[in-house]
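Each chain, written out:
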Amino acid sequence: MPLPAEHPLVDGRTVGSPLVQAARGERPPVRPVWFMRQAGRSLPEYREVRAGGDMLEACLTPALAAEITLQPVRRHGVDAAVFFSDIVVPVLLAGVAVQIVPGRGPVFDEPVRTAADVARLPALAPDALTPIADAVALVVAELGATPLIGFGGAPYTLASYLVEGGPSKEQLRTRALMNSDPATWAALLDWCADVTGAFLRAQVLAGASVVQLFDSWAGSLSRADYQRSVLPHSRRALDAVADLGIPRIHFGVGTEHLLDLLPAAGADVVGVDWRVPLDEAARRLPGVVLQGNIDPALLFAPADVLDRHVTDVLRRGDAAPAHIVNLGHGVPPDTDPAVLTRIVDLVHAAKDPRVE
Ligand code: CP3
């Protein structure tokens, strides 16, 4: 199925953008930069529009979700918007009760731990995603040549919230289920992959030019577990938009030991956290476009220390076929937003030595 005629990649609006060019392995004159969690509590304008309101309600109110998505583009001049939503939104829209507790994260009324729990998970009705498509359409109408990144949670990360009932450090119950009841595990991860896949697809059909799959907790898995019990399901989620021909980014945290396995999930770009220098990641992933990997801790360092680090990240990123500049993980809520704007200016002023 092709993209609609009015999609920004079809009518040409975002085709020449640095983000789309870099994601396709070309070298734009200026490196693209955006930040994971650029929309959020680091921005006073975000805190103002969210004041007193519920996070998931904001995600399901198209005009508000669109406004919050646009805020960091206006303020920082980043090369992409990332859709304001959450990895658990499609789970909620499927009918599973979940709340986002401020300072903690997604919390489920009833954890999903047994074969019967998994069998009861409801299918996501296609029209349940209407508020998402509506919000994306509002954003894309405002963005012009700047691409919107759609996103979803990878099946393992999403399943870990469902099984644990909330955030957890090492996902012990999740990995116990994976190893003790492989059939129930596979059914749960397929459900998560399908919910995320439908969420990604709705965002792309409504106008997102790129997608990113977030596998925030994949780092706690062994290589064997990742390869056998997780990777095929991440591939299933990414496959949900494969026929649409849009660039796909795959990001994980703490995935140093898994890096060479990630491309098999099907994405065009691998996001690297701050632990692995990009030139080393490029050696381990020949021919793969890389995204990252400014250490979020250095957002709190003096300007000269941060600037030296950013310059070093750019130099190392030159070892990849193309480089999308980002942090190694999300923007911490107490970040001074002026620091993010300065990084954008620094990246845009830096000459890419590989481009004439
Ligand atoms: O990046 C962006 O600007 C787009 C928006 C976005 C949010 N969540 C908004 C949000 C994205 C891409 C996510 C993804 C997400 N959500 C992930 C994967 C990315 C990662 O950071 O590893 C995960 C693990 C979640 C689950 C989740 N939702 C957590 C851990 C939290 C934080 C809880 C807290 O209060 O610190 C949330 C809530 C959330 N999602 C907020 C935002 C802006 C904070 C809500 C608030 O403003 O109160």
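Everything below is about the structure printed above this text.
Residues numbered from 1 in each chain as written. Predicted model: local features only at pLDDT ≥ 70, side-chain atom pairs only at ≥ 80, totals over all residues. Heavy atoms only, no water.

Give me the packing of aromatic side chains: which residues, what numbers.
Inspection of the entire model under this criterion finds five aromatic pairs. One aromatic cluster in this structure is built from Phe151, Phe199, Phe214 and Phe251. (Phe/Tyr/Trp six-rings, centres within 6.5 Å; stacked < 30°, edge-to-face > 60°.)

Any details on the packing of helix H9 (residues 172–180) against helix H10 (residues 182–205)? Residues and values, ideally.
Two numbers describe how H9 lies on H10: the axes approach to 5 Å, and their chain directions differ by 120°. Considering their axes alone, H9 and H10 lie oblique with respect to each other. On H10, the residues touching Thr174, Leu177, Met178, Asn179 and Ser180 of H9 are Pro182, Thr184, Trp185 and Leu188. Of the residues belonging to the contact of H9 with H10, the class tally is five nonpolar, four polar and no charged. (Axes fitted to C-alpha atoms, helices over the stretch in contact; angles between N-to-C directions. Helix = DSSP H or I, 4+ residues; strand = E, 2+ residues; numbered from the N terminus. Parallel < 35°, antiparallel > 145°, perpendicular 65-115°, else oblique. Contact = heavy atoms within 4.5 Å. Nonpolar A, V, L, I, M, F, W, Y, C, P; charged D, E, K, R; others polar.)

Help me get a handle on helix H11 (residues 223–239), residues and values and all.
The largest bend in H11 amounts to roughly 50° and is located at Val230, with the proline Pro232 lying one to four residues further along. Of the residues making up H11, those classed as buried are Asp225, Tyr226, Ser229, Val230, Leu231, His233, Ser234, Ala237 and Leu238. For H11, the elements touching its buried residues are helix H8 (155–164), H9, H10, strand S5 (210–215) and strand S6 (248–252). (Bend = angle between axes of the 7 residues up to and from the residue. Buried < 20%, exposed > 50% of the residue type's maximum accessible area, 1.4 Å probe, protein only.)

Provide a residue-level description of the nonpolar core, including the pertinent values.
Membership of the largest hydrophobic core comes to 126 residues, with the highest contact counts inside it found for Leu188 and Leu290. The leading source of residues in this core is H10, at eleven residues. (Core = buried A, V, L, I, M, F, W, Y, C linked by side-chain atoms within 4.5 Å.)

Got a sec to walk through the site of the ligand? Specific residues and values, please.
Taken together, 25 residues sit near the ligand, with Arg37, Tyr46, Gly103, Ser216 and His329 positioned nearest. Between an oxygen atom of the ligand and a main-chain N or O atom of Arg37, the distance comes to 2.5 Å. In the environment of the ligand, a nitrogen atom lies 2.7 Å from a nitrogen or oxygen atom belonging to the side chain of Asp86. Contact with the protein chains removes 91% of the 870 Å² of surface that the ligand exposes when unbound. (Near = heavy atom within 4 Å. Polar contact = N/O pair within 3.5 Å; in protein donor to acceptor, adjacent residues only side chain to side chain. Areas by Shrake-Rupley, 256 points an atom, 1.4 Å probe, with all protein chains shown as cover.)

Hey, could you go over the pattern of salt bridges for me, with residue numbers and the actual values?
On inspection of all chains with the given rule, the structure shows 18 salt bridges. Several salt bridges share partner residues, and in doing so they unite Asp279, Asp312, Arg315 and Arg316 into one network. (Salt bridge = Lys/Arg side-chain N within 4 Å of Asp/Glu carboxyl O.)

Explain the sheet that holds strand S8 (residues 289–294) to me, and be specific about the residues and the numbers.
Strand order in the open sheet formed by seven strands is S1-S4-S5-S6-S7-S8-S9, and the pairing between neighbours is parallel. Each of the sheet's edge strands pairs with one partner strand only, and the pair in question is strand S1 (81–82) and strand S9 (323–327). Its contacts with the sheet place H11 against S5 and S6, and it is angled at close to 155° to S5. (Pairing = 2+ DSSP bridges.)

Help me get a handle on the layout of surface pockets, residues and values and all.
The space that makes up the largest pocket amounts to roughly 1,300 Å³. Residue lining of the largest pocket: 41 residues in total, with Arg37, Arg41, Met55, Asp86 and Gly105 positioned closest to the centre. At the level of secondary structure, the elements contributing two or more residues to the lining of the largest pocket comprise helix H2 (44–50), strand S2 (98–101), strand S3 (105–108) and H8. Here the lining of the largest pocket is built from residues that sort into 21 nonpolar, twelve polar and eight charged. Its boundaries defined by the atoms lining it, the second largest pocket holds a volume of some 200 Å³. Forming the walls of the second largest pocket are Gly95, Val96, Ala97, Asp109, Glu110, Pro111, Val112, Asp117, Arg120, Leu121 and Pro122. Of the residues assigned to the lining of the second largest pocket, the class counts are six nonpolar, one polar and four charged. (1 Å grid on protein atoms, 1.4 Å probe; cavity = no way out; pocket = protein on both sides within 12 Å on 5 of 7 lines; lining within 4 Å. Points joined across faces, edges and corners; volume = space filled by probe spheres on them.)

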